[in-house]
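Observations on the three-dimensional arrangement
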Amino acid sequence: MPMSEHNHRDKRELARKRKGSVAPGHEGEVVIAVVRQFVVALRRPILFIDTITVIAMLPWALASNYASDFVGMTAGLMWITFGILALYGFWRWVGWYYSVYVLTNKSLTIITQKGFFNRKVSDMELHNIQSVNYHIDGFNAAVFGYGNVSVQTLSGSGDMELKFVHKPAVLAKQITD
């Protein structure tokens with residue numbers, strides 16, 4: 001069996017086991033869906049890293065062509081910049097990867113991770129939800145199938161916005177069912 005087929009089978013098995021599993025620490029709660037932001041949420045950090053990489057390479061490229069005495073110094077600065085950008089990229093990836101939306105049969109939980117040490121958890125009981133709407137904004141969102149899901153409460157005080165959700169109509173339906 002090819003390696004990629006084996007990985008996809010393992011992921012499907014993990015998703016099947018996760019869906020319908022009991023939520024830890026919550027008596028009688030069953031996990032319906034665990035959703036992560038669509039990978040397009042990382043587009044701005046990736047563009048930032050790409051731009052700074054090109055800018056960091058310019059002095060090295062110019063020095064190697066016109067001022068060979070500065071090649072070593074500019075190469076060192078370039079590698080320091082790459083190291084800092086790698087840490088920044090990893091920091092943003094951790095924030096994206098560990099930010100999830102968890103839907104159970106009793107509640108909707110938003111776990112937002114910012115970097116390594118900042119985590120925010122918001123929880124909303126499903127019986128308090130008044131309406132669920134989704135919005136697919138723009139050409140890219142329509143082509144790639146992502147959007148935002150808005151959840152309003154009866155009191156209006158604890159409204160939640162789930163951003164960059166892949167297939168937002170599916171999640172909105174799961175919340176209302």
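Shown above is the structure to which this text applies.
Described in the following lines is the structure provided in the data block. Predicted model only: the values in this text are computed from it and were never measured.

**Considerations on unusual backbone geometry**
Positive phi outside glycine occurs at Phe164, with the angle close to 55 degrees. Structurally, Phe164 is set in strand 7 (residues 160-166).

**Focus on the pairing of strand 2 (residues 100-104)**
Along any regular strand, the residues point their side chains to alternate faces of the sheet. Most of strand 2 sits inside the fold, with five of its five residues counted as buried. Across the two faces of strand 2 the burial is the same, with Val100, Val102 and Thr104 and Tyr101 and Leu103 all buried. When strand 1 (residues 31-36) meets strand 2, the two strands line up antiparallel, connected through five bridges. Bridge pairing in strand 2 links Val34 to Val102.

**What to know about the pattern of salt bridges**
Taken as a whole, this structure holds one salt bridge when the rule is applied. Across the pair Asp177 and Lys173 runs a salt bridge, and its minimum N-O distance is 3.4 Å. Classification of Asp177 by relative accessible area gives exposed; the value is 65%.

**With respect to helix 5 (residues 168-176)**
Counting along an α-helix, one turn takes 3.6 residues, and residues three or four places apart therefore face a common direction. Of all the residues in helix 5, the buried ones are Pro168, Leu171, Ala172 and Ile175. End-on, the buried residues of helix 5 take up no more than an arc of 100 degrees, which puts them together on one face. Packing partners of the buried residues in helix 5 comprise strand 1, strand 2, strand 3 (107-114), strand 5 (129-135), strand 6 (146-153) and strand 7.

The rules behind these values
- Residues numbered from 1 in each chain as written.
- Predicted model: local features only at pLDDT ≥ 70, side-chain atom pairs only at ≥ 80, totals over all residues.
- Heavy atoms only, no water.
- Helix = DSSP H or I, 4+ residues; strand = E, 2+ residues; numbered from the N terminus.
- Buried < 20%, exposed > 50% of the residue type's maximum accessible area, 1.4 Å probe, protein only.
- Pairing = 2+ DSSP bridges.
- Salt bridge = Lys/Arg side-chain N within 4 Å of Asp/Glu carboxyl O.
- Arc of directions from axis to C-beta.
- Contact = heavy atoms within 4.5 Å.

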